[in-house]
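Residue-level listing of the chains:
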Amino acid sequence: MIQLSNIDKFIEGRFQRSFILKGINLTISSGDFVTLMGPSGAGKSSLLNIIGLLDEDFEGEYLFENQLIQTMKSKQKSALHKSEFGHIFQAYHLIDELTVFENIETPLLYRNVGTAERKSIIAELLDRFQMVAKKDLFPEQLSGGQQQMVGIARAIAGKPRVLLADEPTGNLHSTQAKEIMEVFRELNNEGTTIIQATHARENADYGNRLVEMVDGRIEKQLAL
Ligand SMILES: Nc1ncnc2c1ncn2[C@@H]1O[C@H](COP(=O)(O)OP(=O)(O)OP(=O)(O)O)[C@@H](O)[C@H]1O
């Protein structure tokens, strides 16, 4: 599904390049649940951003379903981004002024999903994450774990095939973190490909592959 070959990302300094990612080779199959682990600054977020088509400033080859990303027109890339990827962030990135319902609705509005279908998708997600009673609340009225559940609901509302999660449990207590990881396991069992960046080794146990990164490089890859 995803094939990265010799990916470099760097910043051009006055005298030399400083590498954020160097020589990344990584193949991810549909249905994988991959964990990127490594110390702060290892390049995990940078790699997720490239995979999720949020960052085009890199060298090397990125194939998504055998299509070379770099030669795609920006319209095509943006369509691919919208249809295939869902993003989850450590700090939830919900919109404070919107209710739970409206936050989940935003990606569907971007995709021009009709009103009736939107309502039915959101109702299903609220039900799934036991948030029906919370649908008219604002993010600040929810616990961190609940906010992240809304973040997940929003990310999967458009039924992306790939879910990218950057430190999804970084701000949560261990019980809430476990709940989030259980949801990931369920989504993965339903066929969603998941790529998460985390510092927490226990989160990696939910996945089937572990990729250890150090200083912008992949140091080790393991099957779990
Ligand atoms: N746009 C940028 N300009 C300059 N440096 C950058 C930029 N983006 C990332 N970096 C640097 O690249 C390195 C990798 O950053 P990245 O956020 O990908 O690491 P990370 O492994 O996700 O870290 P963390 O676990 O702290 O989130 C860091 O040293 C960071 O300062």
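The structure displayed is predicted, hence computed values, not measured ones.

**Notes on the pairing of strand S1 (residues 2–12)**
Stage number 1. Both S1 and strand S2 (residues 17–28) contribute to a ladder of eight bridges, which runs antiparallel. Opposite Ile-7, over in S2, you have Ile-24 as the bridge partner.
Stage number 2. Where S1 meets strand S4 (residues 59–64), five bridges bridge the pair, whose relative direction is antiparallel. Bridge pairing links Gln-3 to Leu-63 in S4.

**Re the site of the ligand**
Stage number 1. Every residue near the ligand is listed here: Ile-11, Ile-20, Gly-38, Ser-40, Gly-41, Ala-42, Gly-43, Lys-44, Ser-45, Ser-46 and Ala-197.
Stage number 2. At three residues, the largest contribution of residues to the shell around the ligand is made by helix H1 (residues 44–51).
Stage number 3. Within the shell around the ligand, the residues separate by chemical class into four nonpolar, six polar and one charged.

**Quick look at unusual backbone geometry**
Stage number 1. With a phi close to 65°, Asn-66 is a non-glycine residue in the positive phi region.
Stage number 2. Judged by the 7 C-beta atoms lying within 10 Å of it, Asn-66 falls in the exposed class.
Stage number 3. Of note in the backbone geometry, Asn-112 takes a positive phi value of approximately 55° without being a glycine.
Stage number 4. Looking at the element boundaries, Asn-112 is found in the loop between helix H3 (100–110) and helix H4 (115–128).

**Observations regarding the sheet that holds strand S5 (residues 67–68)**
Stage number 1. With antiparallel pairing, four strands are arranged side by side in an open sheet as S2-S1-S4-S5. Sheet topology places S2 and S5 at the edges, where each strand pairs with a single neighbour.

Rules used throughout
- Residues numbered from 1 in each chain as written.
- Predicted model: local features only at pLDDT ≥ 70, side-chain atom pairs only at ≥ 80, totals over all residues.
- Pairing = 2+ DSSP bridges.
- Helix = DSSP H or I, 4+ residues; strand = E, 2+ residues; numbered from the N terminus.
- Near = placed C-beta within 6 Å.
- Nonpolar A, V, L, I, M, F, W, Y, C, P; charged D, E, K, R; others polar.
- Buried ≥ 20, exposed ≤ 12 C-beta atoms within 10 Å, placed from the backbone.

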